[in-house]
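# Structure assessment
Here is what each chain is made of, one letter per residue.
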Amino acid sequence: MTTSQAHSRPERLLRIASWIVALVFAVLLNMLGELVIRDMFFAPQSGPPAAEQFADQQAQAPLLVSKQDLERQQHILNDKQETLGTTLDRARKDYAESSQSFRNWIDTRKATGNSSQDPEVLARTRQLDELQGNVRNWQRQQDAVNDQCRLCNSNSTRWKANFRNCKTKPINVMNAPISNIS
């Protein structure tokens with residue numbers, strides 16, 4: 001290195017490092033300033049505005065009432081569905097047990113060949129038919145409740161769409177005059 005150079009190498013590196021530190025510090029101060037200004041703007045409202053503040057409250061009121069009715073109906077239908085499912089399972093189990101008992105009894109009757117028990121065969125067959133009818137009846141009731149649940153769910157989906165449609169478009173708060181924001 002000669003003395004003709006205006007700056008030595010360590011001095012040049014120190015200047016570059018100083019500029020980098022100054023730029024980083026400037027960016028951090030700029031970000032901090034934006035946060036302070038934003039906080040000062042939203043301080044009277046205790047936070048940034050939410051979309052719900054701009055919704056049409058008169059249009060939402062009947063929708064909220066219908067939502068509560070739908071939720072109540074859905075809860076009732078879910079309870080019915082659970083009860084009918086349990087009852088249907090019980091009826092199927094009774095039928096399966098009686099059917100197995102009947103098959104065992106028929107196998108025993110065939111082995112003994114006693115034709116004097118034909119009236120009992122008819123009675124047991126009628127009993128199995130009644131149990132099968134009970135299973136079909138409970139299945140029909142459960143299907144009806146399932147249909148009601150599907151209808152309730154579709155009403156709930158329609159309600160959500162109506163609720164979304166009744167909300168107004170939020171205004172751009174950053175460009176709005178301060179007198180409009182309260």
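Note that this is a predicted model, so its numbers are computed, not measured.

### Section: the overall build of the chain
Per the secondary structure count, the chain includes three helices and zero strands. Going residue by residue from the N terminus, the α and β elements of the chain occur as α-α-α. Counting across all 182 residues of the chain, residues that qualify as buried make up 17%. Partitioning the intrachain contacts of the chain with sequence separation of at least 6 by distance along the chain shows that 79% fall at a separation of at least 24. Counting every atom, the chain has about 14,100 Å² of accessible surface; 57% of that belongs to carbon and sulfur.

### Considering the confidence of the model for the chain
Across the chain, pLDDT averages 77, with 79% of residues at or above 70. Looking over the chain, one finds the lowest element-wise mean pLDDT in helix α3 (residues 118–166), namely 79, and the highest in helix α1 (residues 9–42), namely 90. Scored below 50 in pLDDT, residues 168–182 makes 17 contacts in the model with residues more than four places away or belonging to other chains.

### Let's talk about the nonpolar core
Membership of the largest hydrophobic core is limited to nine residues, which are Leu 63, Leu 70, Leu 77, Leu 84, Val 145, Cys 149, Cys 152, Trp 159 and Phe 163. If you list the elements that add at least two residues to this core, you get α2 (57–112) and α3. For this core, the element with the highest residue contribution is α3, accounting for five residues. Excluding residues within four positions of it along the chain, Cys 152 makes contact with Leu 70, Gln 73, Gln 74 and Leu 77.

### Some words on the pattern of salt bridges
Counted under the stated rule, the structure contains three salt bridges. Glu 71 is the partner of Lys 67 in a salt bridge, and the nearest nitrogen-oxygen pair spans 3.9 Å. With Lys 67 and Glu 71 both in helix α2 and four residues apart, this pair spans about one turn of that helix. Lys 67 sits in the partly exposed class, given a relative accessible area of 31%. Among the residues examined, Glu 71 registers a relative accessible area of 44% and is labelled partly exposed.

### Some remarks on a nonpolar patch on the surface
A contiguous nonpolar patch, built from Leu 13, Ile 16, Ile 20, Val 24, Val 27, Leu 28 and Met 31 and spanning about 680 Å² of accessible area, is present on the exposed surface. Within the fold, Val 24 resides in helix α1. Residue classification places Val 24 among the partly exposed residues on the basis of a relative accessible area of 47%.

### A look at the environment of Tyr 95
Note on placement: Tyr 95 falls in helix α2. Given the relative accessible area of 27%, Tyr 95 is considered partly exposed. Here the alpha-carbon distance between Tyr 95 and Glu 130, two residues 35 residues apart in the chain, equals 9.1 Å. When near neighbours in sequence (up to four residues on either side) are disregarded, Tyr 95 contacts Leu 128, Leu 131, Gln 132 and Val 135.

### Considerations on the state of the cysteines
Scanning all chains against the criterion turns up zero disulfides. This cysteine, Cys 149, is not joined by any disulfide, and Cys 152 carries the nearest cysteine sulfur, 6.9 Å off. Look at Cys 152 and you get buried, because its relative accessible area is 3%.

Parameters and conventions
Residues numbered from 1 in each chain as written. Predicted model: local features only at pLDDT ≥ 70, side-chain atom pairs only at ≥ 80, totals over all residues. Heavy atoms only, no water. Helix = DSSP H or I, 4+ residues; strand = E, 2+ residues; numbered from the N terminus. Buried < 20%, exposed > 50% of the residue type's maximum accessible area, 1.4 Å probe, protein only. Contact = heavy atoms within 4.5 Å. Areas by Shrake-Rupley, 256 points an atom, 1.4 Å probe, with all protein chains shown as cover. pLDDT = per-residue confidence, 0-100. Core = buried A, V, L, I, M, F, W, Y, C linked by side-chain atoms within 4.5 Å. Salt bridge = Lys/Arg side-chain N within 4 Å of Asp/Glu carboxyl O. Patch = residues over 30% accessible without salt bridge, like charges linked within 9 Å, V, L, I, M, F, W, Y side chains within 5 Å. Disulfide = S-S within 2.5 Å.

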